[in-house]
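Listed below, chain by chain, are the residues.
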Amino acid sequence: MTSRALLLDGVGVRLGEVDALRGVDLDLDARTVAVVGENGSGKSTFARLAAGLVAPTAGTARILGLDPVRQAAELRRRVAVVFSNPDAQIVMPTVAEDVAFSLRPDRLGRDETRRRVQETLARFGLSELRERSSHELSGGQKQLLALAGAFVRRPELVIADEPTTYLDARNARLVADHLLADAGHRLVLVTHDLALAARCDAAVLFAGGRVEAVGRPADVIAEYEAVLAC
Ligand SMILES: Nc1ncnc2c1ncn2[C@@H]1O[C@H](COP(=O)(O)OP(=O)(O)OP(=O)(O)O)[C@@H](O)[C@H]1O
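Source: prediction; values computed, not measured.

(A) Spatial organisation of the overall build of the protein. When helices and strands are tallied, the protein shows 8 helices and 9 strands. In summary, the protein has a C-alpha radius of gyration of 18 Å against a globular reference of 17 Å for 230 residues, a match within 12%. Viewed in the frame of its principal axes, the protein has a C-alpha envelope of about 50 × 40 × 35 Å. Put simply, the protein has 230 residues, and 41% of those count as buried. A sequence separation of at least 24 residues applies to 66% of the contacts in the protein between residues at least 6 apart.

(B) Highlighting the sheet that holds strand 3 (residues 32-37). In spatial order, the strands read 5-6-7-3-8-9; together these 6 strands make up an open sheet with mixed pairing. Two strands lie at the open edges of the sheet, namely strand 5 (79-82) and strand 9 (210-215), each paired on one side alone. The average undirected angle you get between the axes of adjacent strands in this sheet is 15°. Of the pairings in the sheet, the one linking strand 5 to strand 6 (residues 157-161) comprises 4 bridges and is parallel in character.

(C) Up close: the nonpolar core. Val33, Val35, Ala148, Ile159 and Leu189 are the most contacted members of the largest nonpolar core, which has 66 residues in total. The element that contributes the greatest number of residues to this core is helix 5 (residues 139-151), accounting for 7 residues.

Cut-offs applied
- Residues numbered from 1 in each chain as written.
- Predicted model: local features only at pLDDT ≥ 70, side-chain atom pairs only at ≥ 80, totals over all residues.
- Helix = DSSP H or I, 4+ residues; strand = E, 2+ residues; numbered from the N terminus.
- Rg over C-alpha atoms; globule rule 2.2 N^0.38 Å.
- Buried ≥ 20, exposed ≤ 12 C-beta atoms within 10 Å, placed from the backbone.
- Contact = placed C-beta atoms within 7 Å.
- Pairing = 2+ DSSP bridges.
- Axes fitted to C-alpha atoms, helices over the stretch in contact; angles between N-to-C directions.
- Core = buried A, V, L, I, M, F, W, Y, C linked by C-beta atoms within 7 Å.

Right, dumping it as structure tokens:
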């Protein structure tokens, strides 16, 4: 039997004095999942939990069938994370070196690394920029580089936390298209862009650290819009 992608049972996450997540029950196997909700509702905490970066302080969680505490290293190997600020993820001086850096833990050897980097740069339209200084790219190019660094590892699950926030409409569309395209990965997408959330297969609405609604994006968004209208 294959494992459910996201399975949470009574999950709580306490950060300092704050219950960032409380009593979260979820059983989701949709390929792409949008996570919506107001500021401070727990979306990023949920994303970090799904990436194995934060452990539950109550309840149990299984992500890709893995325990995010006992199997955190395995989970981080199979999951890639993309944040809104690509500068936080760019570490190497040139574009090609930065993408190759993501593959270091996989110890693939020089030829396979070069082949994968080449293929990934082409996929994200970065081939011509391969020798450019990574910190001198435009914001849109930097986010595409961050995506390349995530996807070069061929992750099973990509967690993207507001990946289009700082992008113009054209680049936001490009980044969203790459994330949503069925390239053999699952996606958890935290976003305030409800049109983007509507393109996912399922959606979750958080409020005050709890799951307020889960299901078809159109239904969940309608519920969220009703809350926003109050
Ligand atoms: N490191 C931390 N220490 C203490 N409290 C935290 C920490 N990180 C987040 N919180 C709190 O946990 C709650 C949920 O935060 P979270 O970042 O998950 O919300 P969010 O829905 O992603 O918000 P936003 O839309 O503003 O990014 C908030 O009350 C926040 O202040």
